[in-house]
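# Fold and geometry: a report
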Amino acid sequence: MLDVRDLSAWIGGSHILQGVTFGVEGTGVTALLGRNGVGKTSTLRAILGELPATGSVTVDGEPVLGRPTHRLVRAGLGYVPEDRCVFAGLSVAENLRLACRVPDPDYDTVYSLFPELRTRARQRAGTLSGGQQQMVAIGRLLLNPNRLLLIDEPTKGLAPKVVAEVTAVLAQVAQRVPILLVEQNLAVVRRLAGTAVVLAAGRVAWQGEAADLLGDADRTRSLLGVGSTGLGRGAASDAPSQSSRRGDH
Amino acid sequence: MGTVVLLALTGLGLGALYFLIASGLSLVFGLADVLNFAHGLFLSVGAYATWWAGGRLSGPWGFPVAVLFGVACGAAVGGLVELVLIRPLYRRPTEQVLVTVGLSLAGVALLQAGWGADPRRYPSPQWTQKVTRVLGADVPNDRLLLIGVAVVVLAGLLAFLRFTRYGLVIRAGVENRAMVSALGIDVRRAFTLVFAIGGALAGLAGALGGVYFGSVSPGQGASLLIFAFIVVVIGGMGSVTGSAYAAVAVGLLQQFVNYYGTAGAGDICVVALLAVVLLVRPAGIAGRAAT
Amino acid sequence: MSQSSSPAAPPVPETAAPPPAAGTPYASPARPPLRRLARAVLPLVVLVVAAVLPWSTVDIPGVFDGPLNSPGTLQLLALCLVFGGLAAGYDLLFGRAGLLSFGHALYLAVGAYGVDILVTHAHWPLWAAVPAAALGGAALAALLGSVALRTTGIAFAMVTLAFAQVGSILTQRDPGGLTGGEEGLPMDGSRLPGFLVGVANTVNLYWLALAFLAVVAFVVHRVDRGPYGRVLAGLRDDERRVAVLGLSPYRFKLVTFTLSGGLAALGGVVYALVVGGASPALAASDLTLSLLVMAVLGGPGTRWGPVIGGILYTYLDQRLTSLGGTSAIRHLPGVLRAPLSQPLFVLGAVFILAVYFAPGGLAGLGRRGAALTRALGRRPVPDRATGTTDATGR
């Protein structure tokens, strides 16, 4: 459904994406992987028009590159950026209200997945915990019908228990909408992703079944720089990615 | 006692004027990241439009209608400037500043070409020239008018920001503009709105400033603008309540020091206050939040 | 302020550019030696021509009111040269370091009022008053810069504006009868060396202004050529990159701010001598805005752009007023006549158009012309960096 071809982008003179080409299936989760700074976040931002880029991006055959971000989102590309970006000064209810772009937003789904958002409706989003903020960020997406979700590191900096909760929610969401997921926690990837695309130095280095990648310790180590011990469960596997995340544009 | 009351209310009146200019400036800056040197031009446009209409209207409603006309002109100029001049330069902040600089130079010169460089007598209604007795002081009514209008504007702005959809978009946009776009909202439409609001408030400040100073002149906006800038920085760029606090502080400080110290010392104290605030709290009193 | 891919950061001049990367526009590494020689010699030739100009009696009607060596024309030219130098000095901040200061007039005023007060009130000899005023300006710039540079971008612009406002207020309020208030402070001619006083000696003031411009041009040139200029260019493009190298952006910016403030004060000194005194308009924010307009019109960050911008702006500012009285304008309908007789309207409008259509200023126009001729002569090369610029500026 999403087709990215030869996507190139520059940030301040450095060639951050050098012809990225991959596709996203109409169902399930496609994981976008790679070490820090290889251009995962930039790929999402380029697709959404937040970063000037060349090449071609089509959604259901329709070219989208160069269109303003808000139009793309209105056309059904939901986006949760890195760091979640909830509006700290707005209440939870206001954060959700702002995101509504259809006359009959699906509050039922959001509140059934995240009952806490109803009880904390009047609380300022800036005072929420990281996990609660992630619920607001994902809740904002689910209020509207979407064709594809682009989610950037949803489990970053969360406690292991919360990681599990978010992962479970994403698994439910993925049954209805395809997701392009940037994720460093390989346990989460293993749980959710059917397909994997690995970036290295601004290019696609490998793509295929996620299980093929994660099942092969050598391949995982060479592509992602994590040892097989990191393939266990829980947050332990997240350790190598905790450092210098800001380097990933 | 009487002197202190008079000074305080005069300072508050001046603060009210600063607030009307600074609140719009602050919202424009907070949302659109534009340092708007043309804001003083919006003020002058409002002042001249009110002056022009006020000279042609009579009766008890003549002046209020003239003020409304001035406000409308300010809003129209503000909105147009955003649509025509600022919008094409989106994402090029330095150029946006440069364009507003050019606009302020050319606009003031244009007013001068039309109505001359000398101050024009302002058609203030009779009652604004009289005084009211407040706590043993004879306070000129124009100061009370300014304070009253500023309070109403503050309440109205806060209600707008809190309870309307556009207010929500503006508050969110001041925090993180890119994320508002990422929610599918055309944030640039809010830019035009904020410029129009800023233009309207500057126009109102021009219309009432004419009453306060008794005359209009092309350069009036520019001299008020510098203090409005200071108010914006002290209050926290993008914050309406911050602007209100800072405007009151600046107005009172300026008035009292100018009276008890030598003339001009108050203005210098205001700049010193700015330096202190910057050193202690670089983001201003309120930080980055629209309300 | 940090988005440097747009023309917001002025086009990188060849002299200040880091080694040309692949795909950089305007990169012409194989410049013929003849052109390089011309580039080095041409400024000297212009300097010599400008220096001998006062011996010419050529009369250019319409351009100047009298022959070139008449005192009126020489004073106009001297003023143009002073502002050419001031604009170039301001561009050290704006075009080189990417610092948008709105308070540059303050340092100019310190120089002008400083020398004026020291000579007229304190009865200092000129040779002592000049360095004192210039160094005073530099010291004040160092002091205020150390506070203002704690902020960045637009906040920096506002803070510098506010600081300069104090200067503007002080000059107008006439503290202790020092500045002469609204009227300004005329220089006491009897305390100046004879060769700088009197209409007959206007030519010496012209040479003084020319010398000031040459000094500024030399300093700017040294900055551009030295490693220091490279750091500045890096600062303007991406502060983090400089910080990564272990250099302190703050210190570099402060040094530039001080240098630029000192040059402005020196320019103020020369201005006060040329005009014969100081007036509050020197300290007004409008004067800083004019410097900004000069730099942008000429081409910020380029070697000669700001100088040409300053000369041209000052010339137009002075001449358009009298142009308003010419028959060509007088016969226009009132709607056109009134605005066109306002120099600032014309200059402001030209400036806005320049921001849109000639982002590199006059220098940029020239370079684009050169690029065009080259492109016509050769097969066009894909211009990558320009491509990204267009995409950003949508």
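Along each chain, numbering runs from 1 in the same order as the chain's sequence is written. For naming, the first written chain is A and the first written ligand is 1, with later ones following in the order written. For this predicted model, a pLDDT threshold of at least 70 governs which residues receive local features, and a threshold of 80 or more governs which side-chain atom pairs are given and counted, while totals over whole chains, interfaces and linings are taken from all residues. To get the side-chain values, all heavy atoms of the structure are used, and hydrogens and water are removed first.

As a further point, take the overall build of chain A. By definition, any uninterrupted DSSP run of H or I lasting at least four residues is a helix, any uninterrupted run of E lasting at least two residues is a strand, and each is numbered from the N terminus. Along the backbone of chain A there are 10 helices and 10 strands. Taking all 249 residues of chain A together, the buried fraction comes to 55%. The contact definition used throughout considers only heavy atoms, calling two residues in contact when any of these lie within 4.5 Å. Across chain A, contacts joining residues at least 24 apart in sequence account for 70% of those joining residues at least 6 apart. Surface exposure here means Shrake-Rupley accessible area, sampled with a 1.4 Å probe, where a residue is shielded only by the protein chains that are shown. If you sum the accessible surface of chain A, you get close to 10000 Å²; carbon and sulfur atoms cover 50% of it. Burial classification: accessible surface area is computed with a 1.4 Å probe over protein chains only, and a residue below 20% of its type maximum counts as buried, one above 50% as exposed, and the rest as partly exposed.

Listed by partner, the interface residues are 18 residues for chain B and 21 residues for chain A. Buried area adds together the accessible area that both of two parts lose upon being put together, with accessible area traced by a 1.4 Å probe. When chain B packs against chain A, the two sides together hide about 1800 Å² of surface, and 58% of this comes from carbon and sulfur. Only one rule defines a salt bridge in this text: a Lys or Arg side-chain nitrogen within 4 Å of an Asp or Glu carboxyl oxygen. Summed over the shared surface of chain B and chain A, the number is one salt bridge. Here A:E94 ties to B:R171 by a salt bridge, and the two come within 2.9 Å at their closest N and O atoms. Polar contacts here mean pairs of N or O atoms no more than 3.5 Å apart (in protein, one a potential hydrogen donor and the other a potential acceptor; neighbouring residues in sequence count only if both atoms are side-chain atoms). Taken together, chain B and chain A are joined by seven residue pairs in polar contact (both at pLDDT 80 or more).

Residue and element names in this part refer to chain A. The pairing criterion is simple: DSSP has to find at least two bridges between the two strands. With eight bridges joining them, strand β1 (residues 2–11) and strand β2 (residues 14–24) adopt antiparallel strand pairing. Bridge pairing links W10 to H15 in β2. Hairpin connection from β1 to β2: two residues lie between these consecutive antiparallel strands, with G12 at a positive phi of about 50 degrees. Summarising the sheet, β1 and strand β4 (residues 53–59) pair through six bridges and their orientation is antiparallel.

Residue and element names in this part refer to chain A. Pairing is antiparallel in the open sheet, where four strands are placed in the order β2-β1-β4-β5. A strand with exactly one partner marks an edge of an open sheet, and here the two such strands are β2 and β5 (62–63). Axes here refer to lines fitted to C-alpha atoms; in helices the fit is confined to the stretch in contact. Angles between the N-to-C directions go from 0 to 180 degrees. Helix α1 (residues 40–47) contacts β1, β2 and β4 of the sheet and is inclined by roughly 110 degrees relative to β1.

Our focus in this paragraph is the interface of chain B and chain C. Reports often express the size of an interface as the amount of accessible area lost when the parts come together. Of the residues lining the interface, 44 residues belong to chain B; the matching set on chain C comes to 44 residues. For the chain B and chain C pair, buried surface summed over both sides reaches about 4000 Å², with 78% attributable to carbon and sulfur atoms. For the pair chain B and chain C, the number of links is one salt bridge. Between C:R173 and B:D267 there is a salt bridge, with its nearest N and O atoms 3.7 Å apart.

Bringing the pairing of strand β3 (residues 137–140) of chain B into the picture now. Residue and element names in this part refer to chain B. Bridge analysis of strand β2 (residues 131–134) against β3 gives four bridges, and the strand direction is antiparallel. Counted as the bridge partner of V131 is P140 from β3. Hairpin remark: β2 followed by β3, antiparallel, with two residues in the connecting loop; positive phi at L135, about 50 degrees.

Residue and element names in this part refer to chain A. Spatially, six strands are ordered β6-β7-β8-β3-β9-β10 in an open sheet, and the strand pairing comes out mixed. The open sheet has two edge strands, β6 (77–80) and β10 (203–209), and neither has a second partner. Between one strand and the next, the sheet's axes are offset by a mean angle of 15 degrees, whatever the strand orientation. Contacts from helix α6 (residues 130–142) reach β6 and β7 (148–152) within the one sheet, and its direction differs from that of β6 by about 170 degrees. Helix α7 (residues 160–174) rests against β3 (29–33), β7 and β8 (179–182) of the sheet, and its axis sits at about 155 degrees to β8.

All names here are of chain A. Assignment of secondary structure puts T43 in helix α1. When its relative accessible area of 0% is taken as the criterion, T43 is described as buried. Apart from residues no more than four positions distant in its own chain, T43 is found in contact with L7, L17, F22, L32 and L199.

Residues and elements named next belong to chain B. Feature annotation in UniProt places "transmembrane region" (unreviewed entry) on residues 6–27, 34–53, 65–85, 97–115, 144–161, 191–213, 225–253 and 259–280, given in this structure's numbering. A distance of 29 Å separates the end C-alpha atoms of residues 65–85, which is 100% helix and 0% strand. Helix and strand shares over residues 225–253 are 86% and 0% respectively, and the end C-alpha atoms of the span are 17 Å apart. UniProt positions are given in the numbering used here, feature names are shortened, and annotations may be inferred rather than shown by experiment.

Residues and elements named next belong to chain A. Applying the stated criterion to the full structure yields 18 salt bridges over all chains. One salt bridge connects E82 with K156, and the closest N-O pair in it is separated by 3.6 Å. Of this pair, E82 sits in the loop between β6 and α3 (92–99) while K156 sits in the loop between β7 and α7, placing them 74 residues apart in sequence. Exposure class is identical for E82 and K156. Each is buried. Among the salt bridges present, the one from R120 reaches E116, with a minimum N-O distance of 3.0 Å. By relative accessible area, E116 is classed as partly exposed at 29%. Here the salt bridges do not stand alone but share partners, grouping D60, E62, R67 and R147 into one network.

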